[in-house]
Amino acid sequence: MTPLPFPIAEEPEFAAREAGRLLFAGPVDFVKGVVAMSGMPPADRIEVCFAGRSNVGKSSLINALTGRKNLARASNTPGRTQEINYFALGAERYLVDLPGYGYAEAPVAAVAKWQALLKSYLSGRQTLRRAFVLIDARHGVKVVDEEIMDLLDRSAVTFQAVMTKADKIGKAELEKNIDQTRAALSKHPAAFPELIVTSSEKGLGIETLRATIATLE
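Below is a summary of the structure that appears in this document. (Residues numbered from 1 in each chain as written. Predicted model: local features only at pLDDT ≥ 70, side-chain atom pairs only at ≥ 80, totals over all residues. Heavy atoms only, no water.)

## Considerations on the packing of helix α2 (residues 58-66) against helix α6 (residues 206-214)
The axes of two packed helices give the description: the angle between them and the distance between them. Filter applied, for reference: Where helices are involved, their axes are fitted lines through C-alpha atoms of the stretch in contact, as for all axes, and angles between N-to-C directions lie from 0 to 180°. Here a strand is any run of E in DSSP of at least two residues, a helix any run of H or I of at least four, and the numbering for each starts at the N terminus. In this scheme, roughly parallel covers angles under 35 degrees and roughly antiparallel covers those over 145, while 65 to 115 is roughly perpendicular and the rest are oblique. When checking whether two residues touch, look at their non-hydrogen atoms; a contact exists if any pair is within 4.5 Å. For this scheme, ten residues count as nonpolar: Ala, Val, Leu, Ile, Met, Phe, Trp, Tyr, Cys and Pro. Four count as charged, namely Asp, Glu, Lys and Arg, and the remainder, Gly too, count as polar.
Between α2 and α6, the least distance of the axes is 10 Å, while the angle of their chain directions is 80°. Between α2 and α6, the interaxial angle falls into the category roughly perpendicular. Together, Leu-61, Ala-64 and Leu-65 of α2 and Ile-206, Leu-209, Arg-210 and Ile-213 of α6 make up the contact between the two elements. Residue composition of the contact of α2 with α6, grouped by class: six nonpolar, no polar and one charged.

Right under this line is the structure:
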């Protein structure tokens, strides 16, 4: 049998799962919101970033990962977050929440500013080990997702697709959208060859994502 491209990541082994548990059970603190590269904190540790179109469930996923209900502010107004938000996972890692993209009602000038900052960050942050691109499991990859993946390709930043809200649709629909996502990822050289499927509400995939972040070198 030919192995599937972009298989769903397997459950982590005990050591990796424990590393993830310990990392996220420790202190998690908001560091700062950044609006220009000059405001970046020192590049003194490994960092990962989360990117996703507005309303993909990014804040909910970050809150589920960290076990803090209001660490990342979930908003009923997509596109509200206009800064790169830095969170410290103890002294070991930065978790970076990028501005949501693809929100049509955001002012054109604001969108241009976010895009410029995003490009500068992705191409110029030496300690960035992986970007997690969030894909809504109800919809699969959209054009705006392809745009961020193209940017990550050009920036030579490894990215891993994380499907969100997997509990919101039936199994057949989920499988169809996973297959569509796999097909889209196959066109991107910077794509890491595993998918993570998550549900913030049900806890699906949370341990796997924690372990992935904790074991990056």
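Let us keep going from here.
## Thoughts on the sheet that holds strand β6 (residues 159-164)
Rules: Note: two strands are recorded as paired if DSSP finds a minimum of 2 bridges between them.
Pairing is mixed in the open sheet, where seven strands are placed in the order β1-β3-β4-β2-β5-β6-β7. Each edge of the open sheet is held by one strand with a lone partner, namely β1 (28-34) and β7 (196-197). Relative to strand β3 (residues 84-89), β1 is paired through six bridges, and the arrangement is antiparallel. From the neighbouring strand, Val-28 faces β3, where its bridge partner is Leu-89. Packing against the sheet, helix α5 (residues 171-185) makes contact with β5 (128-136), β6 and β7, and its axis sits at approximately 165° to β6.

## Comments concerning the side chain of Arg-125
We count it as follows: Exposed residues in this analysis have more than 50% of their type's maximum accessible area, buried residues have under 20%, and partly exposed residues fall in between, with area computed by a 1.4 Å probe over protein chains only. Polar contact criterion, stated in full: a pair of N or O atoms within 3.5 Å, where within protein one must be able to donate a hydrogen and the other to accept it, and residues adjacent in sequence count only if both atoms are side-chain atoms.
Position of Arg-125 among the secondary structure elements: in the loop between α3 (108-124) and β5. Looking at Arg-125, the relative accessible area reads 9%, which means it is buried. Here the side chain of Arg-125 touches Glu-47 through a polar contact of 3.0 Å, side chain to side chain. Look past the residues within four positions of Arg-125 in its chain and what remains in contact with it is Met-40, Pro-41, Pro-42, Ala-43, Glu-47, Tyr-86 and Tyr-94.

## Quick look at the packing of aromatic side chains
Worth spelling out the cut-off: Pairs were defined over the aromatic rings of Phe, Tyr and Trp, the Trp ring being its six-membered one, requiring ring centres within 6.5 Å. Orientation was assigned from the angle between planes: stacked under 30 degrees, edge-to-face over 60, tilted for the rest. Consider the ring centre and the ring normal. A charge sits over the ring if Lys NZ or Arg CZ is within 6 Å of that centre and within 35 degrees of that normal.
Scanning the model with the defined rule gives three aromatic pairs in all. A centroid spacing of 5.3 Å and a plane angle of 35° characterise the contact between Phe-50 and Phe-132, whose relative ring orientation is tilted. Residue Phe-50 is found in strand β2 (residues 46-52), and its partner Phe-132 is found in strand β5; the two are separated by 82 residues along the sequence. Of the two residues, Phe-50 and Phe-132, neither departs from the other in class, the shared state being buried. It is Arg-45 that lies over the ring of Tyr-94; its NZ or CZ is 4.3 Å from the centre. Its end group placed over the ring of Phe-192, Arg-130 keeps NZ or CZ at 4.0 Å from the ring centre.

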